[in-house]
Amino acid sequence: MFESYLKTAVRNLLKHKLYSFINIAGLATGLACTILIFLWAHDELSYDGYHENVENIYRLNWDFNWNGREGIGSGTPPPLAEAISREIPEIEEATRVRPVSKMVVRYGDHAFNEDKIFSADPNLFDFFTFEVISGNSETALSRPNSVVLTEFIAQKYFGDEPALGKIITIGEPKTDFRKMYDNVFEVTGIIKNPPRNSHFQFEMLTSMASHPTVLFFDWSWIWMQVVTYAKLDPGAIPQVVESKIPALVQKYAPSAFKRVGFSYDEMINNGGRWDFVLQPMTDIYLGDVSNRLGTKGNRVYVYLFSVIAAFVLFLACINFMNLSTARSSQRAKEIGIRKTLGSQRRLLIGQFLVESMVFSILALPVALLMVEAFITPFNQLSGKTLIFDLFNPWWLSVGLTALTLFVGMVAGSYPGFYLSSFRPVQVLKGKVRSGRKSQLFRNGLVVFQFAITIGLITGTLLVRQQMNFMQDTDMGFNKEGIILISNENKPMGNQQESFRESLKNHVGVINASISTGVPPHSWFDDYYKIEGRGDEQFNLLSYLTDEDFFPALGIQVIDGRGFSKDFSGDKESVVLNETAVKYLGWQEPLGKHINYSGTDFTVIGVMKDFNFMTLHEPILPLAVFHHSSESYTIADSYIIVRTQNQDIDKKLQFFESEWRKFAPNAPFEYEFLNESFDAQYVSEKRLGRLFMVFSLLTVFIACIGLLGLTAFAAEQRTKEIGVRKVLGASVPKLVLLLSKEFTKWVIWANVIAWPIAYFAMNLWLQDFAYRVNITWSVFVVSGVAALAIALITVSVHAIRAALTNPIEALRYE
């Protein structure tokens, strides 16, 4: 029986080559698209799954509501790890990791700026399963001034020499919180590079005991600068463990609050919150909470592209359904004869399902070839390094086989049930035509296809509009022509002012400034008191900078003045942005005072709001202090250089030569401010490119299906076309006759797609504090584009049919 089914399927495939090609091409494209998105989604969902006992490992997140700020953050205080491991029985152990700022690392003649340095507790490797090449993982981080390197860093500094036991320097020696930081470290371990699907991306791990800052704050429940992980006992219930944490906070936090002049009880009584919650390690990468130790993904994008993959595959199945039901009259006699000879309906359904599965199976190798051909450009689009191996993991080949059979069953389901329902008497009398119900079903599928296509085109246009908006919008300062020279950890010591002057006096340099922070990163975050409000605390972000900061960045001071060398009192002065003035509730801010660490600072100016973060975030209250105030200590600084956009390479060569004079042992690093901002929107740009690719795929699949339907419609109306031509119908009228029905359904597709696309894209735009308005024009463009594509596709066969000799048409049987 199956052999008969197979022979019939192959015979029909060879007999109708155009329809076979369309079906195989559509199914292959759908399968290839699904495979690529599956590989991408699997990679996104696989983060941290390789760690041993990962199901018992959780990160603790800070859940807070204090002084008008509320949220959940990944930073936690230093004493939390010890407290929970000591006082909560279900917690087996806890560990801490802290990011270390970018530092110059030296060995012999090698000196590089490294920005993936972290400090960690000795038991870190009980939580993270990293392959140790040399050294003892249990003791590698137990002593001060010990460091573990990745294989990449060991090769970078030592080449083929054994790295274990080597001595390197990290940063500069300094006194930090009245304790000396010794920058000489011994290499105590080498590990394999962390897998790319790890939320923790590092290159150097220093022992936590090496850093006096953490030791100084071992009492504080307010200094949230370490990331804490807990390993639960097997069988422990996370909710039960989490419920025991508030009692610990209530036990230890009040004294820490009191030590810095705050009242924990008053904060709680005023509706505040200070708690810690558990988050599974495998949920960190795609979770909603920030990740201080590496990159983050977006769970919404995983869902979105998975749905798109399902839609693309379903569109290919729709093509098969459409063409099979459209050609029903050509299979009618076959069905009638089979039924007359006693064939049961279930056997006929089996026949059509086998045929669809043959198409699906033939489409699979084509799809695999397409995946192999396009995986490299797909990696470039998505920022991944995916590798396609049909047999690794083993379940991939099993899954693809199951998917192929499933696609065959879905594609063949409706045609099988529909065609097997024909009555043999009517069929043999020639009374069966493609009925109204089947035609309505086909038209509905066409509407569905183009609704998805129009939705994706609309999404592509809106993503592109938002990207253009972010690039072109006025940020409140001029980011063009700005070169940022990193002076992190201040390798030139007290000579940075002399270095700045040497750059400022160079031909082609308009201005130069020194600042502890620059947009879109590196600000200081703390709480301040203001006059007339008692002990109430106000959260402000801030920079320490100089007189040239505002003119160098083109920031307008709209009230009062900026810093000036003509005023010696600027050491205790501050300039606020407009948002800070509103936040503090001042109508006349000039002359008012804010207090930090016992020092009063006088407001001398108000600067116009500017976006010093990304456009994802609203403008927050910002205070700019003069660097001579030394109101707080920041190890990092930047030299901001505004230049004329000419001879940039020569200017950079000069900047580097001057750098060598002042910091001969430190590498020279720079970046362009506009490029730094552009880098903040990498994921959105990838989204736009992927949207465009999938839009083109859906257009392709919809068009080849429409091409097949048009060819069949023209074939069915061959005699009608011949008669109309004999009676004087022109070619344009005949093209219109064949095109208008499909045009109607594409217009209906617009009506369905527009509100859905509006809702989905409006939801996506909510992630941006500054965003484009969704206007009617984007829907018109997408609708007209889809209609034009449909008309062009339909016209190919319509014109061909209209130009056919009417004599041949009237002879058509």
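These numbers were taken from a predicted model, which means no experiment stands behind them.

What counts, and at which threshold
Residues numbered from 1 in each chain as written. Predicted model: local features only at pLDDT ≥ 70, side-chain atom pairs only at ≥ 80, totals over all residues. Heavy atoms only, no water. Helix = DSSP H or I, 4+ residues; strand = E, 2+ residues; numbered from the N terminus. Buried < 20%, exposed > 50% of the residue type's maximum accessible area, 1.4 Å probe, protein only. Contact = heavy atoms within 4.5 Å. Phe/Tyr/Trp six-rings, centres within 6.5 Å; stacked < 30°, edge-to-face > 60°. Lys NZ or Arg CZ within 6 Å of the ring centre and 35° of its normal. Polar contact = N/O pair within 3.5 Å; in protein donor to acceptor, adjacent residues only side chain to side chain. Patch = residues over 30% accessible without salt bridge, like charges linked within 9 Å, V, L, I, M, F, W, Y side chains within 5 Å. Areas by Shrake-Rupley, 256 points an atom, 1.4 Å probe, with all protein chains shown as cover. Salt bridge = Lys/Arg side-chain N within 4 Å of Asp/Glu carboxyl O. Axes fitted to C-alpha atoms, helices over the stretch in contact; angles between N-to-C directions. Parallel < 35°, antiparallel > 145°, perpendicular 65-115°, else oblique. Left-handed = near helix turned anticlockwise from the far one by under 90°. Nonpolar A, V, L, I, M, F, W, Y, C, P; charged D, E, K, R; others polar. Pairing = 2+ DSSP bridges. Core = buried A, V, L, I, M, F, W, Y, C linked by side-chain atoms within 4.5 Å. pLDDT = per-residue confidence, 0-100. Expected span 1.5 Å × (residues − 1). Bend = angle between axes of the 7 residues up to and from the residue. Arc of directions from axis to C-beta.

The next subject is the overall build of the protein chain. Scanning the protein chain from N- to C-terminus turns up 24 helices and 26 strands. Split into buried and exposed, the 813 residues of the protein chain put 53% on the buried side. A sequence separation of at least 24 residues applies to 80% of the contacts in the protein chain between residues at least 6 apart.

Under the counting rule described, the total for this entry stands at 51 aromatic pairs. Both rings, one in Tyr 758 and one in Phe 779, keep their centres 6.5 Å apart while their planes meet at 45°; by these two values the pair is tilted. Note that Tyr 758 is positioned in helix H22 (residues 731–765) and Phe 779 in helix H23 (residues 776–802), a separation of 21 residues in sequence. Accessibility expressed as a relative area gives 42% for Tyr 758, which makes it partly exposed. A network of ring pairs unites the aromatic residues Phe 477, Trp 523, Tyr 543, Phe 549, Phe 550, Phe 563, Phe 610, Phe 612 and Phe 677 as a single cluster. Looking at Lys 156, its charged tip hangs above the ring of Phe 112, at a distance of 4.5 Å from the centre.

Along the chain, the position of Thr 453 falls in helix H14 (residues 436–472). On the basis of relative accessible area, Thr 453 is assigned to the buried category, the value being 2%. Within the structure, the side chain of Thr 453 is placed 3.0 Å from the backbone oxygen of Gln 449, a separation counted as a polar contact. If near-sequence neighbours (up to four positions away) are discounted, Thr 453 is found in contact with Thr 698, Val 699 and Ala 702.

The subject of this paragraph is the side chain of Lys 166. Considering the arrangement of structural elements, one finds Lys 166 in the loop between helix H4 (151–158) and strand E9 (167–170). Only 2.6 Å separates the side chain of Lys 166 from the backbone oxygen of Pro 162, close enough to count as a polar contact. Residues within four places of Lys 166 in sequence aside, it is in contact with Tyr 107, Phe 158, Glu 161, Phe 185, Glu 186 and Val 187.

Next up on the list: a nonpolar patch on the surface. Among the surface-exposed residues, Ile 747, Trp 748, Val 751, Ile 752 and Ile 756 lie close enough to one another that they form a single nonpolar patch of about 500 Å² accessible area. Looking at where Ile 752 falls in the secondary structure, it is placed in helix H22.

Before going further, it helps to examine the packing of helix H3 (residues 80–87) against helix H7 (residues 245–259). Between H3 and H7, whose axes approach to 11 Å, the crossing angle comes to 130°. Taken together, the axes of H3 and H7 are oblique relative to one another. Handedness of the H3/H7 crossing: right-handed. Only Leu 248, Lys 251 and Tyr 252 of H7 make contact with H3, whose side of the interface consists of Ala 83, Ile 84, Arg 86 and Glu 87. Of the residues contributing to the contact of H3 with H7, the split by class is four nonpolar, no polar and three charged.

Across the five residues that make up strand E24 (residues 622–626), a large majority, five, are buried. Residues of E24 alternate between two faces, with Leu 622, Val 624 and His 626 on one and Ala 623 and Phe 625 on the opposite face, all of them buried.

The next thing to look at is the sheet that holds strand E26 (residues 670–672). What the four strands build is an open sheet, ordered E17-E25-E16-E26; its pairing is antiparallel. Lying at the two open borders of the sheet, with one neighbouring strand each, are strand E17 (509–515) and E26. When the angles between neighbouring strand axes are averaged without regard to direction, this sheet yields 20°. Sheet topology note: the E17/strand E25 (residues 638–643) ladder contains six bridges and is antiparallel.

In a soluble, globular protein the nonpolar side chains are often hidden away together inside. Among the nonpolar cores identified, the biggest contains 92 residues, and Phe 305 and Phe 694 are the most heavily contacted of them. Ignoring any residue separated from it by four or fewer positions in sequence, one finds Phe 305 in contact with Ile 37, Trp 40, Leu 687, Leu 690 and Phe 694. In terms of nonpolar packing, the next biggest core, distinct from the first, is built from 36 residues, Leu 80, Ala 83, Trp 274 and Leu 278 among them.

Moving on to the packing of helix H15 (residues 496–504) against helix H18 (residues 648–662). With their axes 10 Å apart at the nearest point, H15 and H18 run at an angle of 155° to one another. Between H15 and H18, the interaxial angle falls into the category roughly antiparallel. In this structure, H15 meets H18 at a crossing whose hand is right-handed. Residues Ser 498, Phe 499, Ser 502 and Leu 503 of H15 form the contact with H18, whose participating residues are Phe 654, Phe 655, Glu 658, Trp 659 and Phe 662. Class assignment for the residues of the contact of H15 with H18 results in six nonpolar, two polar and one charged.

Below, the discussion takes up the confidence of the model for the protein chain. Confidence along the protein chain averages 84 in pLDDT terms, with 85% of residues attaining 70 or more. Across the protein chain, the secondary-structure element scoring lowest on mean pLDDT is helix H13 (residues 424–428), at 55, and the one scoring highest is strand E14 (residues 227–232), at 97.

The next subject is the environment of Thr 34. Secondary-structure assignment places Thr 34 in helix H2 (residues 17–45). As a C-alpha pair, Thr 34 and Ala 309 span 275 residues in sequence and 4.9 Å in three-dimensional space. Apart from the residues lying within four places of it in its own chain, the contact partners of Thr 34 are Ala 309, Leu 313 and Leu 403.

Bringing the pattern of salt bridges into the picture now. Inspection of every chain in the model, using the stated rule, returns 25 salt bridges. Members of the salt-bridge network, linked through shared partners, are Glu 497, Arg 500, Glu 501, Lys 504, Asp 546 and Asp 548.

By the secondary structure assignment, Gly 350 is in helix H11 (residues 345–382). A sequence separation of 62 residues divides Gly 350 from Gly 412, and the C-alpha atoms of the two residues are 9.3 Å apart.

Looking now at H7. Here H7 is 15 residues long and its end C-alpha atoms lie 22 Å apart, about the 21 Å a rise of 1.5 Å per residue gives. Most pronounced at Ala 253, the bend in H7 amounts to some 40°, and the proline Pro 254 follows within four residues. For H7, the complete set of buried residues consists of Ile 245, Leu 248, Val 249, Ala 253, Ala 256 and Phe 257. Along its buried surface, H7 packs onto strand E1 (57–66), H3, helix H6 (238–243), helix H8 (264–269) and strand E15 (273–280). Once H7 finishes, Gly 261 follows within two positions and takes phi at roughly 90°, a positive value.

Turning to unusual backbone geometry, a few remarks are in order. For the peptide bond that leads from Pro 519 to Pro 520, omega is 0°, which places it in the cis range. Residue placement: Pro 520 occurs in the loop between E17 and strand E18 (524–530). A positive phi angle is found at Asn 53, which is not glycine, with a value near 55°. Unlike most non-glycine residues, Ser 597 shows phi in positive territory, near 55°. Mapped onto the elements, Ser 597 comes out in the loop between strand E22 (593–596) and strand E23 (599–607). A relative accessible area of 63% places Ser 597 in the exposed class.

An ideal rise of 1.5 Å per residue puts 21 Å on 15 residues; H18 measures up with 21 Å between its terminal C-alpha atoms. Those residues of H18 not exposed but buried are Lys 651, Leu 652, Phe 655, Glu 658, Trp 659 and Phe 662. On an axial view of H18, the arc spanned by its buried residues comes to 125°, and they lie on one face. With respect to the buried face of H18, the exposed residues turned more than 90 degrees away are Asp 649, Lys 650, Gln 653 and Lys 661. Taken together, the buried residues of H18 touch strand E16 (482–486), H15, E17, E25 and E26.

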